[in-house]
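Results of the structural survey
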Amino acid sequence: MIYQAPLADIGFALRHGASLAGAIEQGLFGDLTLEDVDAVVAEAGRFASEVLAPLNRIGDTFGTPFKDGVVTTAPGWKEAYRDWRMGGWNAVTAPAEWGGQALPQIVNAACTEMWHAASVGFANGPMLTMAAIDALHAHGTEALKRTYLDKLVSGEWMGTMQLTEPQAGSDVGALRTRAERAADGSYRITGQKIFITYGEHDFTDNIIHFVLARLPDGPPGTRGISLFLVPKFLLKADGSLGARNDVRAHSVEHKLGIHGSPTCTMIFGDAGGATGFLIGEENAGMACMFTMMNRARLAVGLQGVGIAECATQRALAYARERRQGRVAGMKATEMSPIIAHLDVKRMLLSMRGMTQAARAICYATAMALDRSERGADKAARQAAYELASLLTPVAKAFSTDIANEVTSLGVQVHGGMGYIEETGAAQLFRDARIASIYEGTNGIQAIDLVTRKLPLAGGAAIKAHLGELRGIVEALNASNDPAFGWAPVRLGDAVESLSRATSWLLAQLDKDTDFALAGATPYLRLFGLATGGCLLAKEALAALRLGADSVGRAALARFFAENCAVQAGALERTVVEGAPGVIGADAALA
Ligand SMILES: Cc1cc2nc3c(=O)[nH]c(=O)nc-3n(C[C@H](O)[C@H](O)[C@H](O)COP(=O)(O)OP(=O)(O)OC[C@H]3O[C@@H](n4cnc5c(N)ncnc54)[C@H](O)[C@@H]3O)c2cc1C
């Protein structure tokens, strides 16, 4: 077994962690039923486990050979993509008027997790196409939508997202790719982009690039950036493929992981400029790109959850098989499966707890996005939008950080075999590493959380979130169930640590931003642990109420609270007391 879609856990997290059951009862999603959701998720899981997962290792070893400007994907990948798009998986949340299924974001979140669990290298391309669909739908002209949107929604063509240049990574405002106005209303794009995921490939016969570029008279920095749609092939009047546009892949990177995903250097304007079409207003490209990036950030968080889930499944299977040593009480002639050793058990519990906590945070983010679009009234939609904005950097960074930790533990549980490629543990470890770097590094996510998201609505969003977490702690206390051990106390402490660290950071933003910046990453971790711990407790309480797998869920919630969320106190100290030791420590790096 390479990967088995964890349908029971996903279903439970959707229903009870993210309150999908309640949302459906409230009529948030029209006539959609839980049975509909289960059917979609089960079919997506089948495709992920049976079709994509077996191709993952092939992609890792084959890579993406590049010759004469052409990328060849691994054997079987092109066919898998064809089947994937024929299954309608590209269109889960896309608008019905453009051929989409208009299903909730939260349904797609579950699917996205499973695609990435099965193969990040494969799922990366479609992930960016979905983000491109959002940006075009939200900001494109009717003419552009009519020309490109249905083909992107159906997956007949794929999209790319092009920000990065050699001198412009985290600092997008430093980008130099130029856009000149042409007489026919289009633009001519010249410049170079690097690290472009699926910039060139053989899945589709056209590739639609979404490119950030600067107009000659645009103001400096991010205020002078515009977004352009640049097709690989220009279209004839009847919509069929016409001349090759002046854009090409120059090379493909050799990298640590996700070998199946082509990462390209792109050249625009060898012959005077690639034809591009403006999306949104001139110089307002960052706002359009944020539509794309927010979508992709949650998806990368789900990528982290998926990889972590897959690593946990493999480690558990191995730990049940592999026998070493003896635990107390065993006969001298016998050897214990390593899962019986408490240190191994701790690793496995950490893996499962972190994975499920991250899943709960990502699904809660997706639900907030759904409520921001479908909430009953304007105030409800606005509050949900603010919650989604607050949670998105946490969903991205916490989930991908834990993916690195969980996949590393996965290697550890396998012992020496984890370091050998055949077990697959090493590939997961390598594939996970990029997720905390792209779509805005996790350091940038933490800064976004502290400097932009905490002050949202005058602090109302974080206040409401803390209120939600306190409600869960109260319910946990009220349950008085010994199965939770110290969890009510530990989670209560974690939430109060989060609350105090938040107040401290908000105060620093008015005084000396450096103090807030220095503590941003430990704060995001604290946020993730407190939120993830409470959401696991919420799921466990629901399980107790329903009598459904309550023992396992309460045990996991307890483990997480007592062994992971308990770190919140130390993180609070790091945020509040550790900043001067960072700011004034240049001598230590001399
Ligand atoms: C495999 C792969 C696929 C990718 N796919 C795409 C893609 O499809 N499209 C695309 O546009 N890009 C893509 N990227 C680029 C990716 O988004 C960037 O690598 C990432 O944003 C970081 O930029 P950088 O590499 O220039 O690092 P830098 O910005 O140089 O950052 C280096 C370090 O400094 C930190 N840092 C930088 N600035 C600050 C600051 N202001 N405050 C605090 N810390 C800071 C960062 O957090 C990081 O730890 C991809 C990259 C890779 C490796």
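Look above for the structure.
A quick note: this is a predicted structure, and the numbers were derived from the prediction, not measured. (Residues numbered from 1 in each chain as written. Predicted model: local features only at pLDDT ≥ 70, side-chain atom pairs only at ≥ 80, totals over all residues. Heavy atoms only, no water.)

A separate point is the pattern of salt bridges. Here the structure, examined in full by the defined rule, presents 29 salt bridges. Residues E50 and R46 are paired through a salt bridge, measuring 3.0 Å at the closest nitrogen-oxygen approach. Pair noted here: E50 and R46 are both in helix α3 (residues 34-62), with a separation of 4 residues, about one helical turn. Taking the relative accessible area as the measure of exposure, E50 reaches 51% and is therefore exposed. Under the relative-accessibility criterion, R46 is labelled partly exposed at 32%. In this structure, K145 engages E142 in a salt bridge whose closest nitrogen and oxygen atoms are separated by 3.5 Å. With K145 and E142 both in helix α7 (residues 142-154) and 3 residues apart, the pair spans about one turn of that helix. Its relative accessible area of 11% is what places K145 among the buried residues. (Salt bridge = Lys/Arg side-chain N within 4 Å of Asp/Glu carboxyl O. Helix = DSSP H or I, 4+ residues; strand = E, 2+ residues; numbered from the N terminus. Buried < 20%, exposed > 50% of the residue type's maximum accessible area, 1.4 Å probe, protein only.)

This brings us to the packing of aromatic side chains. The final tally for this structure, using the stated rule, is 13 aromatic pairs. Ring centres of Y81 and F203 lie 4.9 Å apart, and the angle between their planes is 15 degrees; on these two criteria the pair is classed as stacked. Of this pair, Y81 sits in helix α4 (residues 77-86) while F203 sits in the loop between β5 (187-197) and β6 (207-214), and the two are 122 residues apart along the sequence. What makes Y81 buried here is its relative accessible area of 1%. In this structure F203 comes out as buried when scored by relative accessible area, which is 9%. (Phe/Tyr/Trp six-rings, centres within 6.5 Å; stacked < 30°, edge-to-face > 60°.)

A separate point is the pairing of strand β12 (residues 274-279). Consecutive side chains along a regular strand alternate between the two faces of the sheet. Summarising burial for β12: 5 of the 6 residues are buried, a large majority. Where β5 lies against β12, 3 bridges are found, and the strand directions are antiparallel. What sits directly across from Y187, in β12, is G276. Relative to β12, strand β7 (residues 225-231) is paired through 3 bridges, and the arrangement is antiparallel. Bridge pairing in β12 links F228 to L278. (Pairing = 2+ DSSP bridges.)

Let us look at the packing of helix α10 (residues 378-413) against helix α12 (residues 442-453). Where α10 meets α12, the closest approach of the two axes is 9 Å, and the angle between their N-to-C directions is 155 degrees. Judged by the inter-axis angle, α10 sits roughly antiparallel to α12. For α10 against α12, the interelement crossing comes out left-handed. Counting all contacts with α10, which are made through S389, L390, P393, V394, K396, A397, T400 and D401, the residues of α12 involved are N442, Q445, D448, L449 and K453. Split by residue class, the contact of α10 with α12 holds 5 nonpolar, 4 polar and 4 charged. (Axes fitted to C-alpha atoms, helices over the stretch in contact; angles between N-to-C directions. Parallel < 35°, antiparallel > 145°, perpendicular 65-115°, else oblique. Left-handed = near helix turned anticlockwise from the far one by under 90°. Contact = heavy atoms within 4.5 Å. Nonpolar A, V, L, I, M, F, W, Y, C, P; charged D, E, K, R; others polar.)

Further remarks concern the site of the ligand. With respect to spatial proximity, 19 residues lie near the ligand, and among them M161, T164, S170, F195 and T441 are the closest. Contacts to the ligand include T164, whose side-chain N or O atom sits 2.7 Å from a nitrogen atom. Relative to its unbound accessible area of 970 Å², the ligand is 61% covered by the protein chains. In terms of residue count, β5 provides more of the shell around the ligand than any other element does, 3 residues in total. When the residues that make up the shell around the ligand are grouped by side-chain class, the tally is 10 nonpolar, 7 polar and 2 charged. (Near = heavy atom within 4 Å. Polar contact = N/O pair within 3.5 Å; in protein donor to acceptor, adjacent residues only side chain to side chain. Areas by Shrake-Rupley, 256 points an atom, 1.4 Å probe, with all protein chains shown as cover.)

Honestly, it's all geometry; don't read function into it.
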